[in-house]
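Structural overview
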Amino acid sequence: MDPINTIKISKDSSFAMLLEAQRRSWNLWYMEMNDLFLLENQPMARMKQLRVQDDPLRWFEFTSEKTAPLSSLDTILMRKDPPFNMEYIYATYLLEQAEARGSLIVNRPSALRDANEKLYTSWFPGCTPPTLVSRNYRDFNSFLEKYEDIILKPLGGMGGESIFRLHQGDPNTNVILETLTTKQTRYAMAQKFIPEISAGDKRILVIDGEAIPWALARVPRAGENRGNLAAGGNAHGVELGERDHWIVNQVAPRLKEAGILFAGLDVIGDYLTEVNVTSPTCIRELDAIYNLNISAVLMDRIEKKLNP
């Protein structure tokens, strides 16, 4: 995961998972990207044994340290946040070596590589708004001319980072396209603007092919187009509606087949906009609103896979 000393435990889903695993008396070993390495074809890691407590002043301590094969661990949760770049991909190669030696990796390394959180929506065209992925200015300008009001975003970011809303005739069009595509050298995504964002960007959590029946609706603050909590959005809980369940039924079987045990679907209005597989969040918020223990559902599924 990312450095544990920097997390906000009231919002951190990885921390919720750690608390639940510890309740089950599982041994917790903590690693960051710099701790993974391959030595003589053996995937290895420097690991710190971890204890956690739900205390905002002192939420973790390391009790011991060792260097050991990754495959010595029963299961490894890959919870490194994006950006999804080549370093992230290299880490999945190391985790895949551990998977080949018997460790359960959540989520499966090959699925993390294949399921780009923006582009993966293209496998479910009946669920998505009109979408373009390109690096060519001409394509984006044609898309903007057709739909007049669009959202532009990079393919490898998170938390609402570098997301732009663009209207036809906007004088910033050229500079936004230059920035997002790095002057036509990187792919970016455009989607038709969905006005229902005013009611919230719903995060639906899916565990082993089944949805938690409540979602977190993240509503943009005044003057914002992004509902992401990292961008200052406000959140409230909502029960999944008929269209939400239909979208889940289209997407969840494919996620399960790919080995994506834990995912977060982003739904605005009637449309699926992203499929989050790297480090989906919102566990702690939904737990607090509905008195749930979503991490327990996940750990039950992990335990079942380890002991079929």
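Everything in this summary refers to the structure shown in the same document. Computed from a predicted model, the values in this text were never measured in an experiment. (Residues numbered from 1 in each chain as written. Predicted model: local features only at pLDDT ≥ 70, side-chain atom pairs only at ≥ 80, totals over all residues. Heavy atoms only, no water.)

With an omega of 20°, the peptide bond between Pro 82 and Pro 83 qualifies as cis. Relative to the helices and strands, Pro 83 resides in the loop between strand 5 (75–77) and helix 2 (86–100). Here Gln 184, not a glycine, exhibits a phi torsion of approximately 65°, which is positive. Within the fold, Gln 184 resides in the loop between helix 5 (173–181) and strand 10 (188–192). In this model, Asn 291 sits at a positive phi of 55°, which is unusual for a non-glycine residue. Within the secondary structure layout, Asn 291 lies in the loop between helix 7 (283–290) and helix 8 (294–306). Classification of Asn 291 as exposed rests on a relative accessible area of 71%. (Helix = DSSP H or I, 4+ residues; strand = E, 2+ residues; numbered from the N terminus. Buried < 20%, exposed > 50% of the residue type's maximum accessible area, 1.4 Å probe, protein only.)

Glancing now at the packing of helix 4 (residues 137–147) against helix 5. Two elements in contact, helix 4 and helix 5, have axes separated by 11 Å at closest approach and are oriented at 130°. Regarding the angle of helix 4 to helix 5, the classification is oblique. Handedness of the helix 4/helix 5 crossing: right-handed. Residues Tyr 137, Phe 140, Asn 141 and Leu 144 of helix 4 pack against Thr 173, Leu 177, Glu 178 and Thr 181 of helix 5. Considering only residue class, the contact of helix 4 with helix 5 consists of four nonpolar, three polar and one charged. (Axes fitted to C-alpha atoms, helices over the stretch in contact; angles between N-to-C directions. Parallel < 35°, antiparallel > 145°, perpendicular 65-115°, else oblique. Left-handed = near helix turned anticlockwise from the far one by under 90°. Contact = heavy atoms within 4.5 Å. Nonpolar A, V, L, I, M, F, W, Y, C, P; charged D, E, K, R; others polar.)

Next up on the list: the nonpolar core. Counting residues in hydrophobic clusters, the biggest one holds 37 residues, and the most contacted among them are Leu 70, Leu 255, Leu 265 and Leu 272. For this core, the secondary structure elements donating two or more residues are strand 3 (42–52), helix 2, helix 3 (109–114), strand 11 (201–207), helix 6 (242–258), strand 15 (262–268) and strand 16 (271–276). The residues contacting Leu 255, other than those within four sequence positions of it, are Tyr 120, Ile 260, Ala 263, Leu 265 and Val 275. Judged by nonpolar contacts, the second largest core, of 30 residues, contains Leu 28, Leu 216, Leu 261 and Met 299. (Core = buried A, V, L, I, M, F, W, Y, C linked by side-chain atoms within 4.5 Å.)

With that settled, the discussion passes to the environment of Glu 196. Its location among the elements puts Glu 196 in the loop between strand 10 and strand 11. Linking Glu 196 and Asn 5, residues 191 residues apart in sequence, is a C-alpha distance of 36 Å. Discounting chain neighbours no more than four positions away, the residues touching Glu 196 are Ile 268 and Gly 269.

Here we come to a nonpolar patch on the surface. A contiguous nonpolar surface patch, about 320 Å² in accessible area, is contributed by Met 86, Tyr 90 and Tyr 93. Among the structural elements, Met 86 can be located in helix 2. Judged by relative accessible area, which is 45%, Met 86 ranks as partly exposed. (Patch = residues over 30% accessible without salt bridge, like charges linked within 9 Å, V, L, I, M, F, W, Y side chains within 5 Å. Areas by Shrake-Rupley, 256 points an atom, 1.4 Å probe, with all protein chains shown as cover. Salt bridge = Lys/Arg side-chain N within 4 Å of Asp/Glu carboxyl O.)

Another aspect to go through is the pairing of strand 13 (residues 214–219). Within a regular beta strand, the side chains point alternately toward one face of the sheet and then the other, so they alternate between its two faces. Most of strand 13 is tucked away: five of the six residues are buried. Across three bridges, the pairing between strand 11 and strand 13 is antiparallel. Its bridge partner being in strand 13, Arg 203 is matched across the sheet by Leu 216. Sheet analysis places strand 13 next to strand 14 (residues 234–239), joined by six bridges and oriented antiparallel. Across the sheet, residue Ala 217 finds its bridge partner in strand 14, namely His 236. (Pairing = 2+ DSSP bridges.)

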